[in-house]
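Spelled out, the chains give:
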Amino acid sequence: MVNTPPVESLTPQPVMQPHSEPVGADAPVVHPVKAEVRNLSFYYGSFKAVKNVSLPFYEKAVTALIGPSGCGKTTLLRCFNRMHDLYPGNRYEGEIVLYPSRINIVGPAASPIEMRMRVSMVFQKPNPFPKSIFENVAYGLRLRGVGGRSELEARVEQALRGAALWEEVKDRLRDGAYGLSGGQQQRLCIARALAVEPEIVLFDEPTSALDPIATGKIEELIDDLRQRVTILIVTHNMQQASRVSDYTAFMYLGEMIEYDRTAKIFTNPSKSLTEQYISGRFG
């Protein structure tokens, strides 16, 4: 039986502002804000799963969302590309502002279809379409109106190279995606997500179904992708969060407990609840 720790205080930590960080040769890299969550709440019917969360997500950086099962981290992640709209009875309060356009992702003026193009998602288990490798990657491009054969082929190759998969599949693009290994299928899903040139890529436990070798390849890929896109990753693996992320947000019971640079969260957290979770005393 898991022992749930007492809630000392669920008052969210103040949002760290990048311009307040030290300057100089040893200062951390300052990233501009790509998206900002402002007093966001999310409801499954009458159940409030995310409670008044506020935090920034920095451009071309990796932010890890950590916390025990049921804490709201995946629910928060799925707000970014409006996945919750697929089910009746769900609703949002607050804002997720996407920069530089300043559009509110969860607002009524934002098109869910457009948001899913601008914010791509890679799920916990590989979910390739029952199509060829080529058509898996080309699917979103066709939805975006890319129809010329030469452009399609160039964009598909670019996406597969971006997902570190091109050399392994370049001679089998017409083969079915289900013939790939689990790790290759996950990288194919990443290529599919990258093909539409999203501004943000969401990863929901992307390596939980993979072996250690495939996990290492995905983590290396995430490290490479941070040079090009903003990444949000949900993970239960504390070692993975510390390895791949620049920033970490710890959630508990639907609330944001602590948010800071990953190095600080894992070496000197401000909240004892954060320290208890990271050290494995609950979760």
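This one's a predicted model, so the numbers in the text were calculated from it and none came from an experiment.

Student: Is there a simple way to think about the packing of aromatic side chains in this case?
Tutor: For any pair of aromatic rings, geometry is given as the distance between the ring centres together with the angle between the planes. Counted according to the given criterion, the structure contains nine aromatic pairs. Ring geometry for tyrosine 58 against tyrosine 247: centres 4.6 Å apart, planes inclined by 55°, an arrangement best described as tilted. Linking tyrosine 58 in strand S2 (residues 47–58) with tyrosine 247 in strand S9 (residues 247–252), this pair joins segments that are 189 residues apart in sequence. Look at phenylalanine 250 and tyrosine 277: their rings are 5.1 Å apart centre to centre, the planes differ by 20°, and that puts the pair in the stacked class. In this pair, phenylalanine 250 sits in strand S9 while tyrosine 277 sits in helix H10 (residues 272–278), placing the two residues 27 residues apart along the sequence. Tyrosine 277 matches phenylalanine 250 in its accessibility class, with the two residues each being buried. Each member of the aromatic cluster is reached from another via a ring pair, and the members are Phe250, Tyr252, Tyr277 and Phe282.

Student: Honestly, helix H4 (residues 149–162) in this entry has me stumped. Any pointers?
Tutor: Three- or four-residue spacings in an α-helix give side chains the same orientation, since the helix completes a turn every 3.6 residues. Helix length check: H4 (14 residues) gives 20 Å between terminal C-alpha atoms against 20 Å at 1.5 Å per residue, within 8%. Listed in full, the buried residues belonging to H4 are Leu152, Arg155, Val156, Ala159, Leu160 and Gly162. The buried residues of H4 occupy one face: seen down the axis, they fall within an arc of 155°. Residues of H4 that are buried sit in contact with helix H3 (133–143), helix H5 (166–169), helix H6 (182–195) and helix H7 (212–225). Where H4 ends, the next residue or the one after it, alanine 164, has phi of about 55°, a positive value.

Student: Sorry if this is basic, but what is going on with the packing of H3 against H4 here?
Tutor: Each pair of packed helices can be summarised by the angle the axes make with each other and by the distance between the axes. Between H3 and H4, whose axes approach to 9 Å, the crossing angle comes to 115°. Classified by the angle their axes make, H3 and H4 are roughly perpendicular. The two elements H3 and H4 meet at a crossing, and its hand is right-handed. Mapping the contact onto sequence places Phe134, Val137, Ala138, Leu141 and Arg142 in H3 and Arg149, Leu152, Glu153, Arg155, Val156, Ala159 and Leu160 in H4. Class assignment of the residues belonging to the contact of H3 with H4 gives a composition of eight nonpolar, no polar and four charged.

Student: What exactly am I supposed to notice about the pairing of strand S8 (residues 230–234) here?
Tutor: Within a regular strand, side chains alternate between the sheet's two faces. Across the five residues of S8, five count as buried, placing the element largely inside the fold. Residues Thr230, Leu232 and Val234 line one face of S8 and the alternating positions Ile231 and Ile233 line the opposite face, and both faces are buried. Of the strand pairs in this sheet, strand S3 (residues 62–66) and S8 are connected by four bridges, and their pairing is parallel. Of the residues in S8, the one forming a bridge with threonine 63 is leucine 232. Traced from strand S7 (residues 200–204) through H7 to S8, the parallel crossover comes out right-handed.

Student: Whenever I open this one, the layout of surface pockets confuses me. Can you help?
Tutor: A water-sized probe rolled over the atoms picks out the places where empty space is left. Taken as a whole, the largest pocket spans an internal volume of roughly 510 Å³. Looking at the largest pocket, it is lined by 19 residues, and the ones nearest its centre are Arg116, Met121, Phe129, Tyr139 and Arg192. Elements represented by at least two residues in the lining of the largest pocket include exactly helix H2 (112–118), strand S6 (119–122), H3 and H6. Considered class by class, the residues forming the lining of the largest pocket number 13 nonpolar, four polar and two charged. Forming the boundary of the second largest pocket are Arg155, Gln158, Ala159, Gly162, Leu194, Ala195, Glu197, Pro198, Leu225, Arg228 and Val229. Broken down by secondary-structure element, the contributors of at least two residues to the lining of the second largest pocket are H4 and H6. The element best represented in the lining of the second largest pocket is H4, accounting for four residues.

Student: Would you take a moment to explain the pattern of salt bridges for this structure?
Tutor: A side chain of one charge can pair with a side chain of the opposite charge if their charged atoms are brought near each other. Going through the model one piece at a time under the given rule, you end up with 21 salt bridges. With a closest N to O distance of 2.8 Å, glutamate 168 and arginine 187 form a salt bridge. Within this pair, whereas glutamate 168 is found in helix H5, its partner arginine 187 is found in helix H6, the two being separated by 19 residues in sequence. On the accessibility criterion, glutamate 168 (32% relative accessible area) is partly exposed. Classification of arginine 187 as buried rests on a relative accessible area of 5%. Where glutamate 219 meets arginine 243, a salt bridge forms, and the shortest distance between an N and an O atom there is 2.7 Å. Residue glutamate 219 is located in helix H7, and its partner arginine 243 is located in helix H8 (residues 238–244); the two are separated by 24 residues in the primary sequence. For glutamate 219, a relative accessible area of 12% gives the class buried. Taken together, the salt bridges that share partners define one network made up of Lys34, Glu114, Arg118 and Glu199.

Cut-off values and rules
- Sequence order sets the numbering: in each chain, residues are counted from 1 along the sequence as written.
- In view of the model being predicted, local features appear only for residues whose pLDDT reaches at least 70, and side-chain atom pairs are presented and counted only at 80 or more, with totals across whole chains, interfaces and linings using the full set of residues.
- The side-chain quantities take in all heavy atoms of the structure and omit both hydrogens and water.
- Two rings belonging to Phe, Tyr or Trp (six-membered ring only in the last case) form a pair when the distance between their centres is within 6.5 Å. Interplanar angles under 30 degrees mark stacking, angles over 60 mark edge-to-face geometry, and anything in between is tilted.
- Helix and strand definitions follow DSSP, with helices as H or I runs of at least four residues and strands as E runs of at least two, each counted in order from the N terminus.
- Each residue gets one of three labels from its accessible area relative to the maximum for its type: buried under 20%, exposed over 50%, partly exposed in between, using a 1.4 Å probe on protein chains only.
- One less than the number of residues in a helix, times 1.5 Å, gives the span that helix is expected to have.
- This arc corresponds to the set of directions leading from the helix axis out to the C-beta atoms.
- In what follows, a contact means two residues having at least one pair of non-hydrogen atoms within 4.5 Å.
- A fitted line through C-alpha atoms represents every axis, and for helices the fit uses only the stretch in contact; the resulting angles, taken between N-to-C directions, go from 0 to 180 degrees.
- Relative orientations are named as follows: roughly parallel for angles under 35 degrees, roughly antiparallel for angles over 145 degrees, roughly perpendicular for angles from 65 to 115 degrees, and oblique for any other angle.
- By the definition used in this description, the sense in which the near helix is turned from the far one sets the handedness, with an anticlockwise turn below a right angle giving left-handed and a clockwise turn giving right-handed.
- Put simply, Ala, Val, Leu, Ile, Met, Phe, Trp, Tyr, Cys and Pro go in the nonpolar bin, Asp, Glu, Lys and Arg in the charged bin, and everything else, Gly too, in the polar bin.
- When DSSP finds two or more bridges between a pair of strands, those strands are recorded as paired.
- By convention a crossover is right-handed if, when the strands point away from the viewer, the path from the first strand over the helix to the second runs clockwise.
- The definitions used throughout rest on a 1 Å grid laid over the protein atoms alone, on which a cavity is an enclosed set of points accommodating a 1.4 Å probe that cannot get out and a pocket is an open set flanked by protein within 12 Å on both sides along at least five of seven lines; lining residues are those having an atom within 4 Å of a point.
- Grid points are joined across faces, edges and corners, and a volume is the space filled by probe spheres set on the points.
- Salt bridge, as used here: a side-chain nitrogen of Lys or Arg that lies within 4 Å of a carboxyl oxygen of Asp or Glu.

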